Amino acid sequence: MLESFKKNRKGIAAMLASAICVCVGQLLWKMSADAGVVPMIIGFGFYGLGAFLMIFGYRFGKLSVLQPILSVNYVLSIVLGFVVFDEPILIQKCIGVLVIMVGICLIAGGDETSEGNEK
C-alpha cells in the first residue's frame, strides 16, 4: 500500500491540490450569489487551476488510482459548508466522510502493478 502511495505521490498531490482548488472555486460561486460578480470570476480562476492540476496529475499515475482521489472534494465541501456557512454536520455526513476517506485510501494504495508488468 505504501509503495503505491510512493509511486503515485506526484499524481496524488496534484489531484489533492486540484480537489482543493475546485472546491474553493465552487465555494466562491456560491458566495457570488450574494456578493456579486467578483467572487464568481475568482471562482472560475480557482476552478480552472484545479482542472489544470488534474490534467497535470494524470501524467504521474494511473487513472484508476488518481481519479477517485478527487472525491476528497465532497469532504472539503462539507467542512467548508460548516466553517463558512454554518451548515450543520450530522452523523450521516460524518459516516459518509469516513466511508469516502477509507475508499480513497484503499484505492490510492491499491496500485498492485509489479514493475515487470508496467507499460
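In this text the structure is predicted, and so the values were computed from the model without any measurement.

**Structural notes on the packing of aromatic side chains**
What the rule picks out here adds up to three aromatic pairs. Taken together, the aromatic side chains of Trp-29, Phe-44 and Tyr-47 make up a single cluster linked through ring pairs.

**Details of the side chain of Ser-18**
Topologically, Ser-18 is positioned in helix α2 (residues 9-35). Beyond its immediate sequence surroundings of up to four residues, Ser-18 is in contact with Gly-50, Leu-53, Met-54 and Leu-70.

**Section: a nonpolar patch on the surface**
Taken together, the side chains of Met-31, Val-79, Phe-82, Val-83, Val-84, Phe-85 and Ile-89 present a nonpolar region at the surface, about 550 Å² in accessible area. No other element matches the five residues that helix α5 (residues 72-85) contributes to the nonpolar patch. With respect to the secondary-structure elements, Phe-85 resides in helix α5.

**Quick word on the confidence of the model for the chain**
Per-residue confidence for the chain averages 86 on the pLDDT scale, and 88% of its residues sit at or above 70. Of all helices and strands in the chain, the one with the weakest mean pLDDT is helix α1 (residues 2-7) (69), whereas helix α3 (residues 37-57) scores best (95). Confidence drops under pLDDT 50 across residues 114-119; counting only partners more than four residues distant or on other chains, this segment forms two contacts.

**Overview of the packing of α2 against α3**
Packing of α2 against α3 leaves a shortest axis separation of 7 Å and a crossing angle of 165°. Classified by the interaxial angle, the pair formed by α2 and α3 is roughly antiparallel. When the axes of α2 and α3 are compared, the crossing they make is left-handed. Per-class residue counts for the contact of α2 with α3 are 20 nonpolar, eight polar and no charged.

**Quick look at the side chain of Asn-73**
Within the secondary structure, Asn-73 sits in helix α5. Residue contacts for Asn-73: discarding those within four places in its chain leaves Ala-19, Val-22, Cys-23 and Gln-26.

Rules of the game
Residue numbers run consecutively from 1 along every chain, following the written order of its sequence. The predicted nature of this model means local features are confined to residues of pLDDT at least 70 and side-chain atom pairs, given and counted, to a pLDDT of 80 or more, with totals for whole chains, interfaces and linings taken over all residues. To obtain the side-chain values, all non-hydrogen atoms of the structure were included, while hydrogens and water were left out. Two aromatic rings, drawn from Phe, Tyr or Trp (for Trp, its six-membered ring), form a pair once their centres lie within 6.5 Å of each other, and the interplanar angle then sorts them: stacked below 30 degrees, edge-to-face above 60, tilted otherwise. What counts as a helix is a DSSP run of H or I of at least four residues, what counts as a strand is a run of E of at least two, and both are numbered from the N terminus. Any two residues whose heavy atoms approach within 4.5 Å at even a single point are treated as in contact. Each patch is built from residues that are more than 30% exposed by relative accessible area and take part in no salt bridge. Like charges join if they lie within 9 Å; nonpolar side chains (Val, Leu, Ile, Met, Phe, Trp, Tyr) join within 5 Å. Note that accessible areas follow from Shrake-Rupley with a 1.4 Å probe, and for residues the cover is restricted to the protein chains shown. Any Lys or Arg side-chain nitrogen located within 4 Å of an Asp or Glu carboxyl oxygen qualifies as a salt bridge. The pLDDT score gives, residue by residue, the confidence of the prediction method on a 0 to 100 scale. To obtain an axis, a line is fitted to C-alpha atoms, over the contacting stretch when the element is a helix, and the angle between two such axes runs from 0 to 180 degrees between their N-to-C directions. Any angle that is under 35 degrees is reported as roughly parallel, and any over 145 degrees as roughly antiparallel; angles of 65 to 115 degrees are reported as roughly perpendicular and all others as oblique. By convention, the crossing between two helices is left-handed when the near helix turns anticlockwise from the far helix through less than a right angle, and right-handed when the turn is clockwise. In this classification, the charged set is Asp, Glu, Lys and Arg, the nonpolar set is Ala, Val, Leu, Ile, Met, Phe, Trp, Tyr, Cys and Pro, and all remaining amino acids, among them Gly, are polar.

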